[in-house]
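# Examining the three-dimensional arrangement
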Amino acid sequence: NCRALSRCGQVLLRGVGAGVLLTIVRVQTDVCCVGTAQVALADVGALYASALRGSSLTDPAVAAAPRRRPVCGTHFLNCSSAAALRRLRDSRVDVGALDAFNAGVAVVRLDRWAAQGLTKEVEAWVALNRLTPVFALGSNPPLVLATGGRFEPLHPSWNCQVGGGHDCRANASVLHWSGERKPWWGSGLNAAAGARDAHAAALREKDERIARLEKVKMTTAILAKFQALRVEKDRFRDEARNL
C-alpha cells in the first residue's frame, strides 16, 4: 500500500471537499506513489498478493469486481443523450460491448498504469465530460472508459455491495457500503442498520445450513455403521450355523 496516498491527495486536491478526496486521487496514483508497483484501495492485503500477476506491461492494469448493472443508465453512461452517444462513438467506445467494473474495491498495477498512460486517459475523459456530459457517478466511469473495459475480474465477494439485491453477503470478503448506505453517515444509519441485519441473517442462515449438513452427514455415518454391524452379525450367524 502507498501510505502517502491520502497526504498526496490533499496536496493535489487542495480546496476540494474531503468526501471526494480518495475517490478522485485514485486516478493520480502514479503521481502519489512513484516507485510503488501496486496500490490496494481497500483493506484487502491478502488480495493483491494474487491479483495482477505476470510481467507484461500490456496486461490489464486494474483488477476489480465486474459491474452487474448495464453501463447505460443515470448512474453511469448517459446513453439517452444523442450528443453523448456521438462523443462515445467518436472516441471508439462501443457501449453495447463495454465491460465495466466497480472501482469501490480495486487493485492497481502502477507499472502497467504508467506504461499505458491511464492517468492522461482519465483526465481526457473528465475534460471531455465537461463539454458533453457522457457519464455520471464520479470517477468510476472515466476509469472504465480509460481502460477500454480491460480489467482483471475479481470474485464478487471482494466487493459485496450492501443493498441493490446483491446476494454475496454470506460469503463477503469486503462489504461495500455504496451510495447513501454508509453507517458513518447520519442519513445512512437506518439503511445501514437494515443491511447489517440482513447480513447477520445471511450469516446465521449459512451457519444453520452447515449445521444441518453436518447433522445429515453424522446421521448417514451412523446408519452406515449400523448397516456394517448388521452385515457382520449376519456373517457370524451364518458361520455359526455351518460349524
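Residues numbered from 1 in each chain as written. Predicted model: local features only at pLDDT ≥ 70, side-chain atom pairs only at ≥ 80, totals over all residues. Heavy atoms only, no water.

Moving on, we get to the overall build of the protein chain. Across its full length, the protein chain carries eight helices and six strands. Taken from N to C terminus, the helices and strands of the protein chain fall in the order α-α-α-β-β-α-β-α-α-α-β-β-β-α. Put simply, 68% of the contacts in the protein chain that link residues at least 6 apart link residues at least 24 apart. Surface exposure of the protein chain reaches about 14600 Å², of which carbon and sulfur atoms provide 56%. (Helix = DSSP H or I, 4+ residues; strand = E, 2+ residues; numbered from the N terminus. Contact = heavy atoms within 4.5 Å. Areas by Shrake-Rupley, 256 points an atom, 1.4 Å probe, with all protein chains shown as cover.)

Let us now look at the nonpolar core. Among the nonpolar cores identified, the biggest contains 28 residues, and Leu77, Leu88, Leu98, Phe101, Trp113, Trp125 and Leu145 are the most heavily contacted of them. Residue assignment for this core shows that the elements contributing at least two residues are β2 (62–66), α4 (82–90), β3 (101–109), α5 (110–115), α6 (118–131) and α7 (140–147). One finds Leu52, Ala63, Val107 and Leu154 within the second-largest nonpolar core, a separate group that totals six residues. (Core = buried A, V, L, I, M, F, W, Y, C linked by side-chain atoms within 4.5 Å. Buried < 20%, exposed > 50% of the residue type's maximum accessible area, 1.4 Å probe, protein only.)

Glancing now at the pattern of salt bridges. Considering all chains together, one arrives at three salt bridges under this definition. The salt bridge partner of Arg109 is Asp111, with a shortest N-O separation of 2.8 Å. Take Arg109: its relative accessible area is 9%, and that puts it in the buried class. A salt bridge links Asp234 to Arg237; the nearest nitrogen and oxygen atoms lie 3.4 Å apart. (Salt bridge = Lys/Arg side-chain N within 4 Å of Asp/Glu carboxyl O.)

The next subject is unusual backbone geometry. In the Ramachandran plot, Arg92 falls in the positive-phi region, its phi being about 65 degrees despite a non-glycine side chain. Mapped onto the elements, Arg92 comes out in the loop between α4 and β3.

In this section: the side chain of Asn159. Within the secondary structure, Asn159 is located in the loop between β4 (152–153) and β5 (160–161). Using a relative accessible area of 6% as the deciding quantity, one classes Asn159 as buried. The contact partners of Asn159, leaving out residues within four places of it in the chain, are Ala65, Asn102, Gly104, Val105, Val174 and His176.

Here we take up the state of the cysteines. Across all of its chains, the model carries one disulfide by this definition. Between the sulfur atoms of Cys72 and its disulfide mate Cys79 the distance is 2.0 Å. Note on the Cys72 and Cys79 pair: the S-S dihedral is about -70 degrees, so by sign convention the disulfide is left-handed. Its relative accessible area of 34% is what places Cys72 among the partly exposed residues. (Disulfide = S-S within 2.5 Å.)

Next up on the list: the confidence of the model for the protein chain. Confidence in the prediction of the protein chain, expressed as mean pLDDT, is 75, and 67% of residues score 70 or more. Across residues 1–24, where pLDDT falls below 50, the model places 28 contacts with residues more than four positions away in sequence or in other chains. (pLDDT = per-residue confidence, 0-100.)

The buried fraction of β3 is high, at eight of nine residues. Two elements, β2 and β3, share five bridges in a ladder whose sense is antiparallel. The partner of Ala63 across the bridge, within β3, is Val107. (Pairing = 2+ DSSP bridges.)

Together, Met218, Ile222, Phe226 and Leu229 make up a nonpolar patch on the protein surface, roughly 430 Å² of accessible area in all. Within the secondary structure, Met218 is located in helix α8 (residues 189–241). (Patch = residues over 30% accessible without salt bridge, like charges linked within 9 Å, V, L, I, M, F, W, Y side chains within 5 Å.)

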